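Take a look at the letters that make up each chain.
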Amino acid sequence: MGDRNPRESRRRFLRATGCGSAIVLAGCLGEDISYAAGESAVDRPEDWCFDELSESVPEIEADAVSIDGIERKDDDELLSREEAAYQCGPVEGNVCGTCTYYIDDRDGDAIGACTEVEGEIRSTDWCALWAPREKIDEE
Ligand code: SF4
């Protein structure tokens, strides 16, 4: 299911996040786009963002459902980021923000959660469980 056209996935993501232009995209994604001289995003390790993500999830997000209405698993059933092959940034244009398991930010810090993976989850990242949002075309 993860083999969709990356360009279409990107369009769907932009529609879902309300980010229609490149000018506002960086701010909309909450992405740190400031790299050291000579460093590019592809030079970063796959887990470079882990330090900025808490291992715990705010109650308001832990008790919430995903964008497709899926309930979050109990804490002892969640996968660790490592087990889910979580990485910072998209894979083939797919990101958590377009995943059926993503729980949108509810406390205003621009970071959400996941029904399957523990800890805070960024909408701009990805893991091996990624599956397309069902309701994305209805919005
Ligand atoms: S891609 Fe993985 S971590 Fe991200 S929302 Fe989906 S299942 Fe959760």
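Every chain is numbered on its own, with residues counted from 1 as its sequence reads. For this predicted model, a pLDDT threshold of at least 70 governs which residues receive local features, and a threshold of 80 or more governs which side-chain atom pairs are given and counted, while totals over whole chains, interfaces and linings are taken from all residues. Calculated side-chain values reflect all of the structure's heavy atoms, with hydrogen atoms and water omitted.

### Concerning the overall build of the protein
- In terms of helices and strands, the protein carries three helices and two strands.
- To qualify as a helix, a DSSP run of H or I must reach at least 4 residues; to qualify as a strand, a run of E must reach at least 2; elements of each kind are numbered from the N terminus. The order of helices and strands in the protein, counted from the N terminus, is α-α-α-β-β.
- For each residue, the accessible area found with a 1.4 Å probe, counting protein chains only, is set against the maximum for its type, and the residue is called buried under 20%, exposed over 50%, and partly exposed in between. Here the protein, with 139 residues, has 39% of them falling under the buried criterion.
- Contacts between residues were defined by any pair of non-hydrogen atoms, one from each residue, lying within 4.5 Å. A separation threshold of at least 6 residues defines the contact pool for the protein, and within that pool the share at least 24 residues apart is 77%.
- Note on areas: these come from Shrake-Rupley sampling with a 1.4 Å probe, and a residue is covered only by the protein chains present in the view. Carbon and sulfur atoms form 48% of the exposed surface of the protein, whose accessible area is close to 7,900 Å².

### Things to note about the packing of aromatic side chains
- Stacked, tilted and edge-to-face are the three classes applied to pairs of Phe, Tyr and Trp rings, where Trp contributes its six-membered ring and a pair requires centres within 6.5 Å; stacked means planes under 30 degrees apart, edge-to-face means over 60, and tilted covers the rest. Evaluation of the coordinates by the stated rule reveals one aromatic pair.
- Relative to Tyr86, the ring of Phe50 has its centre 5.8 Å away and its plane inclined at 65°; by these criteria the two rings are edge-to-face. With a gap of 36 residues between them, Phe50 in the loop between helix 2 (22-29) and helix 3 (59-62) and Tyr86 in the loop between helix 3 and strand 1 (102-103) connect regions that are remote in the sequence. An identical accessibility class is assigned to Phe50 and Tyr86; each is buried.
- A cation over an aromatic ring shows up here: Arg44 above the ring of Trp48, its NZ or CZ 4.0 Å from the ring centre.
- A ring is scored as having a charge over it whenever the NZ atom of a lysine or the CZ atom of an arginine sits within 6 Å of its centre and within 35 degrees of its normal. Between Arg81 and the ring centre of Tyr86, over which it is positioned, the NZ or CZ distance is 5.9 Å.

### Details of the site of the ligand
- Here, proximity means that at least one heavy atom of the residue falls within 4 Å of the molecule or strand. Lining the immediate environment of the ligand, one finds Tyr86, Cys96, Cys99, Tyr101, Tyr102, Cys114, Val117, Cys127, Leu129 and Trp130.
- Only Asp, Glu, Lys and Arg are considered charged, only Ala, Val, Leu, Ile, Met, Phe, Trp, Tyr, Cys and Pro nonpolar, and every remaining residue, Gly among them, polar. Looking at side-chain class alone, the shell around the ligand contains ten nonpolar, no polar and no charged residues.

### Overview of the pattern of salt bridges
- Think of a salt bridge as a Lys or Arg side-chain nitrogen and an Asp or Glu carboxyl oxygen that are within 4 Å of each other. Counted according to the given criterion, the structure contains five salt bridges.
- With a closest N to O distance of 2.8 Å, Glu116 and Lys73 form a salt bridge. Pair noted here: Glu116 is in the segment after strand 2 (113-114) and Lys73 is in the loop between helix 3 and strand 1, with a separation of 43 residues, a long-range link.
- Judged by relative accessible area, Glu116 falls into the buried class, the value being 9%.
- You can call Lys73 partly exposed: its relative accessible area is 37%.
- Connected through salt bridges with shared partners, the residues Glu52, Arg122 and Asp125 form a single ionic network.

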